[in-house]
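# Secondary and tertiary structure notes
Here is what each chain is made of, one letter per residue.
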Amino acid sequence: METGVGRLIAQLRAERELSQADLAQLLAKSSGNPAVTRHEVSRWEQGRRRPRRYWLEWLAVVFGMSLFDFEDLARLATPTIDTDEAEAIELRQRVASSDVGSQTLERLEAAVDELAIAYPATPPDLLLLRVRRHLAYVGQLLDARKTLAEHRRLVVVGSWLSLLAATCSIDLANRPAAAARLRTATQLAEHGEHAELSAWCLETEAWQAVTDGDYRRALRLSQGAQTIAPHDSSAYIQATAQEGRAHARLGHTRETLNVLSRVEQLVAPLKVPDRPEHHYRYDPEKSNAYVATTLSWLGDPGAESIARQVLTQLENLSSGNARPRRAATARLDLSLALIASSKPDEASGVTMEALTSGRLVPSTFWRAKEVIKAVDACGLPEATELRDAYESLKS
């Protein structure tokens, strides 16, 4: 356990670009206890000393997660057969043969699907750790004996994993890591000659451009993704929807409405997939959520009714498909729509629910800031409370 905790502390600290001294200072400031030093942090990371539970609680606070999630991450960081799917696959393969083999590839491909299914409900920190372990194993297998067909399958698996890792990095607002992982995913997709995967890489890069506020680049990338994606693929639909969002941010009303009409035609014949939560399989029920986001960004009052419907759907516990993370983001869409409908008081309350939900990820903070600015422009005193909640969320 000590090794897992130490590895986790080192990883989370590095991902946040903190030195050991920085982390010690943050812990001292947050806890009001100056007892921890850089040397103590170093001993924790090296596994020479296990942090007391008191410090585990404050480490979780500093890294912006619950103690439960922090301990879950620590267990995953401890290489055991029970918690590490990738190492379990490796162990079985070593016993059976030194070759890669179709069974190992099938298990890795299944693992990619399971990770993509876990994406909507798993904190990005936690999911990223799991994805990186699988990537490390894929890297080892690239040196093993295998046929050309097996090599291609392995390269495609590596590309999907790199793309999912990039998506988690975007969620965590870690731009350098996201950019590096996207480049890797793109290169591997090209080597694997996988057109849909290449399109997903461009679409994901377009989403990163949207979060960075570079809407013209997002428009070019989403249109580029459509040119290479098979027209019956999920990537094609998603890239089309992404084009609409970029147009909306640029204030292109006619183009936005035209894209929304195209998406509607693409989605109409689709059936709900077996695993609709799979991040890379387009779920027709997502369509309304994209419409709500796009129209709210456009400032169209018609977004309000759609945003309310989407939020009700996402919070429907009886359906078994409740998606609290998407629901938190849907609240921001509804807030913007309420502003457009001249209902700033309700918008303020809905925004506060989103900010205090514990479900917003760093890549959506800019959207919360935009709503707060709009509430403030309406002259509501609640804007001060929203700003305080926003700063608390960021820290």
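First, a word on what this report is: a plain description of the structure on this page. Each residue is numbered by its place in its chain's sequence as written, counting from 1. Where totals are concerned, whole chains, interfaces and linings use all residues; where local detail is concerned, this predicted model gives features only for residues with pLDDT of at least 70, and gives and counts side-chain atom pairs only at 80 or more. The side-chain quantities take in all heavy atoms of the structure and omit both hydrogens and water.

What follows covers the overall build of the protein. In terms of regular secondary structure, the protein is built from 20 helices and zero strands. Only C-alpha atoms enter the radius of gyration, while the globule expectation follows 2.2 Å times N to the 0.38, with N the number of residues. For 395 residues, the compact-globule formula gives about 21 Å, and the C-alpha radius of gyration of the protein, at 22 Å, lands near that figure. When the backbone C-alpha atoms are referred to their principal axes, the protein occupies close to 60 × 60 × 40 Å. The rule is simple: take the accessible area with a 1.4 Å probe, protein chains only, and divide by the maximum for that residue type; under 20% is buried, over 50% is exposed, in between is partly exposed. Counting over 395 residues, the protein shows a buried share of 53%. Residues are treated as being in contact if the distance between any of their heavy atoms lies within 4.5 Å. Considering only contacts in the protein between residues 6 or more positions apart, those separated by 24 or more positions represent 63%. Accessible surface computed for the protein: about 18,300 Å², of which carbon and sulfur atoms make up 51%. Of the charged side chains in the protein, 48 are positive and 52 negative; the average position of the first set lies 4 Å away from that of the second. Helix and strand definitions here come from DSSP, where helices need a minimum of 4 consecutive H or I residues and strands a minimum of 2 consecutive E residues; each element is numbered from the N-terminal end. Computed by Shrake-Rupley with a 1.4 Å probe, the accessible areas treat only the displayed protein chains as cover when residues are assessed. Charge assignment in this entry is limited to Lys and Arg as positive and Asp and Glu as negative, and neither His nor the chain termini are counted. Positions of charges follow a simple convention, taking NZ of Lys, CZ of Arg, CG of Asp or CD of Glu.

Let's shift gears to the environment of Arg 326. Structurally, Arg 326 can be placed in helix H17 (residues 324–340). Spatially, the C-alpha atoms of Arg 326 and Tyr 236 are 22 Å apart, while their sequence positions differ by 90 residues. Aside from chain neighbours lying at most four places away, what touches Arg 326 is Pro 120, Lys 286 and Leu 314.

Another point: the packing of helix H9 (residues 148–171) against helix H11 (residues 195–211). Only the stretch in contact is used when a helix axis is fitted, and all axes are lines through C-alpha atoms; the angle between N-to-C directions ranges over 0 to 180 degrees. At a minimum axis distance of 11 Å, the contact between H9 and H11 shows a crossing angle of 10°. Here H9 is positioned roughly parallel relative to H11, judged by the angle of their axes. Note on element contacts: H11 touches H9 through Leu 197, Trp 200, Cys 201, Thr 204, Trp 207, Gln 208 and Thr 211, opposite Val 156, Ser 159, Trp 160, Leu 163, Thr 167 and Ile 170. Throughout this entry, Asp, Glu, Lys and Arg are counted as charged residues, while Ala, Val, Leu, Ile, Met, Phe, Trp, Tyr, Cys and Pro are counted as nonpolar. The remaining residues, Gly among them, count as polar. Residues that form the contact of H9 with H11 fall into these classes: eight nonpolar, five polar and no charged. Angles are sorted into four bins: roughly parallel if under 35 degrees, roughly antiparallel if over 145, roughly perpendicular if 65 to 115, and oblique for all others.

Within 6.5 Å between ring centres, the rings of Phe, Tyr and Trp (the latter by its six-membered ring) count as paired, and their orientation is classed by plane angle as stacked under 30 degrees, edge-to-face over 60, tilted in between. Tallied over the entire structure, the rule returns seven aromatic pairs. Judged by centre distance (6.3 Å) and plane angle (45°), the ring pair of Trp 44 and Trp 55 falls under tilted. Of the two residues, Trp 44 is situated in helix H3 (residues 38–46) and Trp 55 in helix H4 (residues 53–62); the sequence distance between them amounts to eleven residues. Here Trp 44 and Trp 55 have matching classes, each one buried. When the ring of Tyr 282 is compared with that of Tyr 290, the centres are 6.2 Å apart and the planes differ by 20°; the resulting orientation is stacked. Tyr 282 gets classed as buried once you look at its relative accessible area, which sits at 6%. By relative accessible area, which is 16% here, Tyr 290 ends up buried. Clustering of aromatic rings is evident, with ring pairs tying together Trp 44, Tyr 54 and Trp 55. Sitting above the plane of the Trp 297 ring, Arg 249 keeps its charged end 4.8 Å from the centroid. Criterion for a charge above a ring: Lys NZ or Arg CZ within 6 Å of the ring centre, and within 35 degrees of the ring normal.

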